[in-house]
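# Breakdown of the fold
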Amino acid sequence: MSEMRLHDPAGNRLYLNAEERAAFLAAARRQPARDRTLCETLHWTGCRPSELLEITPARIDLSGGTIAIRSLKKRKDATGQPKIVFRTVPVPPEFLDTLNTAHGVREAQKSRRKAAAPIWNLSRVRVWQIVKRVMIEARIPDAPHRSPKGLRHGFGINATVNAVPLHMVQKWMGHAQLSTTAIYADAVGKEEQDIAARMWG
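Read on for a plain summary of the structure. Small disclaimer: the values here were computed from a predicted structure and weren't measured.

To continue, consider the overall build of the protein. Looking only at helices and strands, the protein has 10 helices and three strands in total. Across the 201 residues of the protein, 45% fall into the buried class. Accessible surface for the protein amounts to roughly 11,100 Å². Of this, 53% is attributable to carbon and sulfur atoms.

Next comes the structure, spelled out in structure tokens:
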């Protein structure tokens, strides 16, 4: 398995910075309901596109303010059997209001069949296309970080910059090892250097 990185071999950033995240969110809010909620879910939860496509109304806790996401990275229990792992990620109440209004989450939860149906009936390729289009509209530069993965890494950086403890970031992102999450703490130092460089310039 390849080690997770926040820069490519040429030193290009692989994550959205705070300004780009804000621009992406603003552009997402101008989209039709399906695309808006898809982009906002990726923004607020840091989930992978494949994980997003498994989210159902049953996994949204409107009163508790969380979304339960199934971690799709393959893990095994003590006996070597595949292990199913869910994580709950807190999201802003106003986003849940938008999600409920756009997709009738509360109403869908009243029916077992509707509660178990995925909210976004799309392919991973289609998710990637939607995210890329919104990123272009947000004027995010054509660089390696202009991708769903860049959005996920941006979530990790943002949480760390805002002093969320690493073990909470690990839980929210579904990392099996804290050492994986720790790369975001290393990146904060680089972000701080960039800020300092602008101050000196």
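Helices that pack against each other are described as a pair by the angle of their axes relative to one another and the distance between those axes. One can describe the packing of helix α1 (residues 18-28) onto helix α2 (residues 33-45) by two numbers: an axis separation of 9 Å at closest approach and a directional angle of 155°. Overall, the two elements α1 and α2 adopt an arrangement that is roughly antiparallel. The handedness of the crossing between α1 and α2 comes out as left-handed. Across the interface between the two elements, R21, F24, L25 and A28 from α1 touch R36, C39, E40, H43 and W44 from α2. Across the contact of α1 with α2, the residue classes break down as five nonpolar, one polar and three charged.

Taken as a whole, helix α4 (residues 93-103) has its buried residues at F95, L96, T98, L99 and N100. Lining the buried residues of α4 we find α2, β1 (60-61), β2 (66-71) and α5 (105-108). Just past α4, the residue G104 takes up positive phi, approximately 55°.

Right, let's talk about the packing of aromatic side chains for a bit. In this description, a pair of aromatic rings is defined by centroid distance and the angle of the planes. Evaluation of the coordinates by the stated rule reveals zero aromatic pairs. Note that R13 overlies the ring of Y15, its terminal NZ or CZ placed 5.6 Å from the centroid.

One finds F24, L38, I60 and I67 to be the most contacted residues of the largest nonpolar core, which totals 44 residues. Contributing elements (two or more residues each) for this core: α1, α2, β2, α4, α7 (124-137), α8 (148-161), α9 (166-173) and α10 (178-200). Counting residues per element, this core draws most heavily on α7, at five residues. Those residues in contact with F24 that sit more than four places away from it in its chain are L16, C39, H43, V131, V134, M135, A138, I140 and L151.

What follows is about the environment of P165. Within the fold, P165 resides in the loop between α8 and α9. For the pair P165 and A185, spaced 20 residues apart in the sequence, the C-alpha separation amounts to 9.9 Å.

Turning next to unusual backbone geometry. Among all residues save glycine, negative phi is the norm, and among peptide bonds the norm is trans. Positive phi, normally seen in glycine, also occurs at R139, with a value near 60°. Mapping R139 onto the fold places it in the loop between α7 and α8. In this structure, A163 takes a positive phi of about 65° despite not being glycine. Mapped onto the secondary structure, A163 falls in the loop between α8 and α9.

A separate point is the packing of α2 against α4. Running from amino to carboxyl end, α2 crosses α4 at an angle of 150°, the nearest separation of the two axes being 10 Å. Handedness of the α2/α4 crossing: left-handed. Within the contact between the two elements, α2 uses A33, R34, R36, T37, E40, T41 and W44 and α4 uses F95, T98, L99, A102 and H103.

Glancing now at the environment of T66. Looking at the secondary structure, you find T66 in strand β2. Classification of T66 as buried rests on a relative accessible area of 19%. Remark: the alpha-carbon pair of T66 and T45, spanning 21 residues in sequence, is separated by 9.3 Å. In this structure, T66 is in contact with R59, I60, D61, T88, V89, P90 and L96, ignoring residues within four places of it in sequence.

The next thing to look at is the pattern of salt bridges. Scanning all chains against the criterion turns up 12 salt bridges. Notably, a salt bridge pairs E54 with R70, separated by 2.8 Å at the nearest N-O pair. Of the two residues, E54 sits in the loop between α3 (49-52) and β1 while R70 sits in strand β2, which places them 16 residues apart along the sequence. Overlapping salt bridges bring together R34, D35, R133 and E137 as one network.

What counts, and at which threshold
- Residues numbered from 1 in each chain as written.
- Predicted model: local features only at pLDDT ≥ 70, side-chain atom pairs only at ≥ 80, totals over all residues.
- Heavy atoms only, no water.
- Helix = DSSP H or I, 4+ residues; strand = E, 2+ residues; numbered from the N terminus.
- Buried < 20%, exposed > 50% of the residue type's maximum accessible area, 1.4 Å probe, protein only.
- Areas by Shrake-Rupley, 256 points an atom, 1.4 Å probe, with all protein chains shown as cover.
- Axes fitted to C-alpha atoms, helices over the stretch in contact; angles between N-to-C directions.
- Parallel < 35°, antiparallel > 145°, perpendicular 65-115°, else oblique.
- Left-handed = near helix turned anticlockwise from the far one by under 90°.
- Contact = heavy atoms within 4.5 Å.
- Nonpolar A, V, L, I, M, F, W, Y, C, P; charged D, E, K, R; others polar.
- Phe/Tyr/Trp six-rings, centres within 6.5 Å; stacked < 30°, edge-to-face > 60°.
- Lys NZ or Arg CZ within 6 Å of the ring centre and 35° of its normal.
- Core = buried A, V, L, I, M, F, W, Y, C linked by side-chain atoms within 4.5 Å.
- Salt bridge = Lys/Arg side-chain N within 4 Å of Asp/Glu carboxyl O.

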